[in-house]
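The residues making up each chain are set out below.
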Amino acid sequence: MSTNIAQALKDLANAKALAASATRRLAHAGLTAGQAAYFALLTEDMTQELTRTQVHAAAALRSTGAHKLDQESFQAITDLGPDPTIEEIDAAKGRTTTGRTHFKDAKGLMTGWLDIPRSTAAARLVQADCLLGGVDEAGEPTAPWLPELAVQFEDPGIDPRLVASAAMKLHSVRKDLGEGKAAEAKKQQLQAESAAFLRSEPKSARKHINDLVAQVKAGKRPLKALLDGIGIFKRGMRKGLVEYLFRVLPSQSAYIEAYFANLDNPSTVAGNRQGLKDVDAQFAGAEASGWDDEDSKPDWAKDRPDDETSEGIEDDPPDEDDHHSEKEDIHPESEDLDSDDEELQPEDTSADENPANGEWEDLKPERRRLVGFMALLMTDRKPNASPPEQQAGFASSQVSIILDWEKLQRKMEDFAVTSSGILLSPGEARTALCTAGILPVVLNGRSLPLDLGRTQRLFSKAQVRALRAAYRGCSYPGCSMPAQRCEADHLDPWEKGGRTDIKSAVLNCLIHHTARHCGLFHAVKIPGSRPMVLLPPELDPEQKLRVNTYFMTPAEALEAEALAEETTVRWRAGLLDVEIAEP
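Summary of the structure given here. (Residues numbered from 1 in each chain as written. Predicted model: local features only at pLDDT ≥ 70, side-chain atom pairs only at ≥ 80, totals over all residues. Heavy atoms only, no water.)

Let us now look at empty space enclosed by the protein. Inspection of the entire model under this criterion finds 3 cavities of 30 Å³ or more. The calculated volume of the largest cavity comes to roughly 60 Å³. Along its surface, the largest cavity is lined by 13 residues, and S475, V506, R530, P531 and V547 are the ones closest to its centre. Looking at the lining of the largest cavity, the elements that each hand over two or more residues are β6 (505–509) and β8 (532–534). (1 Å grid on protein atoms, 1.4 Å probe; cavity = no way out; pocket = protein on both sides within 12 Å on 5 of 7 lines; lining within 4 Å. Points joined across faces, edges and corners; volume = space filled by probe spheres on them. Helix = DSSP H or I, 4+ residues; strand = E, 2+ residues; numbered from the N terminus.)

Looking now at the sheet that holds β8. On the basis of which strands lie adjacent, the open sheet formed by 4 strands has the order β9-β8-β7-β10 and antiparallel pairing. The open sheet has two free edges, formed respectively by β9 (545–546) and β10 (579–580), since each of these has just one partner strand. Taken together, the 2 bridges between strand β7 (residues 522–525) and β10 define a ladder with antiparallel strand orientation. Each residue of the ladder has a partner; that of K525, found in β10, is E579. (Pairing = 2+ DSSP bridges.)

To continue, consider helix α6 (residues 118–131). Under the 1.5 Å per step criterion, the end-to-end length of α6 is 20 Å for 14 residues, consistent within 8% with the ideal 20 Å. Summarising burial for α6: 11 of the 14 residues are buried, a large majority. Every buried residue of α6 is listed here: S119, A121, A122, A123, R124, L125, V126, Q127, A128, C130 and L131. Each element contacted by the buried residues of α6 is listed here: α2 (33–64), α5 (106–112), α7 (147–153) and α8 (160–171). Residue G133 follows α6 closely and has a positive phi angle near 110 degrees. (Expected span 1.5 Å × (residues − 1). Buried < 20%, exposed > 50% of the residue type's maximum accessible area, 1.4 Å probe, protein only. Contact = heavy atoms within 4.5 Å.)

This paragraph deals with unusual backbone geometry. Here D115, not a glycine, exhibits a phi torsion of approximately 60 degrees, which is positive. For D115, the position within the fold is in the loop between α5 and α6.

All right, on to the packing of helix α10 (residues 181–200) against helix α11 (residues 202–218) then. Interhelical geometry of α10 versus α11 gives an angle of 160 degrees and a closest axis separation of 7 Å. Classified by the interaxial angle, the pair formed by α10 and α11 is roughly antiparallel. Relative to α11, the crossing made by α10 is right-handed. Residues K186, L190, E193, S194, F197, L198 and S200 of α10 lie in contact with α11, whose contacting residues are P202, A205, H208, I209, L212 and V216. Counted by class, the contact of α10 with α11 contains 8 nonpolar, 3 polar and 2 charged residues. (Axes fitted to C-alpha atoms, helices over the stretch in contact; angles between N-to-C directions. Parallel < 35°, antiparallel > 145°, perpendicular 65-115°, else oblique. Left-handed = near helix turned anticlockwise from the far one by under 90°. Nonpolar A, V, L, I, M, F, W, Y, C, P; charged D, E, K, R; others polar.)

Going through the model one piece at a time under the given rule, you end up with 19 salt bridges. One salt bridge connects E556 with K407, and the closest N-O pair in it is separated by 3.0 Å. Of this pair, E556 sits in helix α21 (residues 554–572) while K407 sits in helix α17 (residues 405–409), and the two are 149 residues apart along the sequence. For K407, a relative accessible area of 7% translates into the label buried. Between R516 and D489 there is a salt bridge whose closest N-O contact spans 2.8 Å. Of the two residues, R516 sits in helix α20 (residues 510–517) while D489 sits in strand β5 (residues 486–490), which places them 27 residues apart along the sequence. Exposure class is identical for R516 and D489. Each is buried. Linked through salt bridges whose partners overlap, the residues forming this network are E44, D159 and R161. (Salt bridge = Lys/Arg side-chain N within 4 Å of Asp/Glu carboxyl O.)

The next subject is the packing of α6 against α8. Between α6 and α8, the least distance of the axes is 9 Å, while the angle of their chain directions is 90 degrees. Between α6 and α8, the angle is such that the two are roughly perpendicular. Residues A123, V126, Q127, C130 and L131 of α6 touch α8, and the partners they reach there are V163, A164, A167, M168 and H171. Grouping the constituent residues of the contact of α6 with α8 by class yields 8 nonpolar, 2 polar and no charged.

Another point: the pairing of strand β2 (residues 241–247). Here strand β1 (residues 231–238) runs beside β2; their pairing, made up of 7 bridges, is antiparallel. Counterpart to G231 in the pairing with β2 is R247.

Formed by 42 residues in total, the largest nonpolar core has its most connected members in L131, L149, V163, L190, L198 and I526. Counting residues per element, the ones that place at least two in this core are α2, α6, α7, α8, α10, α11, β8 and α21. Per-element accounting of this core gives the leading share, 7 residues, to α8. Apart from residues no more than four positions distant in its own chain, L149 is found in contact with L131, V163, A166, A167, L170, Q191, A195 and L198. (Core = buried A, V, L, I, M, F, W, Y, C linked by side-chain atoms within 4.5 Å.)

Our focus in this paragraph is α11. The end-to-end C-alpha separation of α11 is 25 Å, in line with the 24 Å expected for 17 residues at 1.5 Å each. Those residues of α11 not exposed but buried are S204, A205, K207, H208, I209, L212, V213 and V216.

Mapped onto the fold, H512 is located in helix α20. If near-sequence neighbours (up to four positions away) are discounted, H512 is found in contact with C474, Y476, C479 and F521.

This is the structure in structure tokens:
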């Protein structure tokens, strides 16, 4: 072992000791707000660097055959302790053996000796294959499977955690890509598009890469195959809760998303927070507010004559799915080795929270939506009767589908998209046209019929509908607030002569609407384009014009990011006359 390698390992040992010492001191220190922020910044920077280190370490274990070390070698390494000398490190070279060892392979070593969860160990080895290269059956090194992402993984300006996650996602479709030149070309396209998302808009990159992978996995499956896979499946009892799995067509998902959007909107009767809390309290057997007598209760909450006979009803007999081993319940190993299980994690509701109305968000989105679903199931209704509209938990599912004529002419896959960014197949779009109300919205034409000038201050319903169709959500980069919960915002202040015109408007959620008027970021008017956003230098040192692509399809997002990049270059070169809107 060379002195340089021993010194590098000594540096790692020192870094660990320094980090532990600094943490102990800072944990009990009277930090100022600025010092706490710097503490957090340094910690995240170290975590990012540690991600690279972990993948490199996994690759080193496999390439050196460290799982074949004999017992004496493992003991010598353990005896080094937290503060070894360079000489001690140099002496602990280790000796591999061809005889029986504790571990079968590198993954076994990581799991059995380092106590790394098996799924995490497998994921790191896959990331090593994709981003650093692997080892073939003859023990020869191989090139990284994703060379473009491999470059980004070592780039200090890009979060390696996002790159590693993207590599896992792309690796999960390796079987779907097939073999041959066409498969290789598709892989290169996926890699290039993923790299573009990671480089231009990291906040939305994970969402768009997931969409890219979903498109590949969906492929060109026939309708019969899709219909055979949809349904509601009972997964059994886990941790005291009964789990169900929903599988629906994209067009059906659009209705569900629209229903949830109304439930999530506190300004609607269906999404009234106190009403939803009362409904939830009744489901949970708790006290609710505002029901003074039987007449004030909603229909589903009133006592029924046959309620007394419901006592003694036994639970359903347990399914076979009820019996799972502890390993399966924690992290079952799957083909794509993705241990994040992102789909089952609670949503990030930071954009939902309003400090002035904290009580609104006592119910998390997942629970609010369940309340609405249960209200539908448990309400007494006569045959052919419409569901009550003026009641918490009930919402009308209105789905907006945007058909792009130019994309349809070019036979592009994303010519039909819902306002929430869900792609529809040609068959699903045709089905929607049979029953939907058709409202032509010309997004690239002259908007004179929708421009109100100085005749009125507030935007009309027609204008808001057009803005929602065009922008689909909040303008702030990375914000996931849908258009239904956003407000039309004048880019030119009305009190200073601003006009109520489409070209002078943008959608912002309540949080970012207020933030813009407080000067925390700027909206930028671009000739012949949608408004863009300029973040402050402390959030965006590059000072690029940005667009929120969260609700766009991957193809639309790439096009929008390219336009933002081009616009930034022309603006800085003095070739484009842009206008930064007043706060």
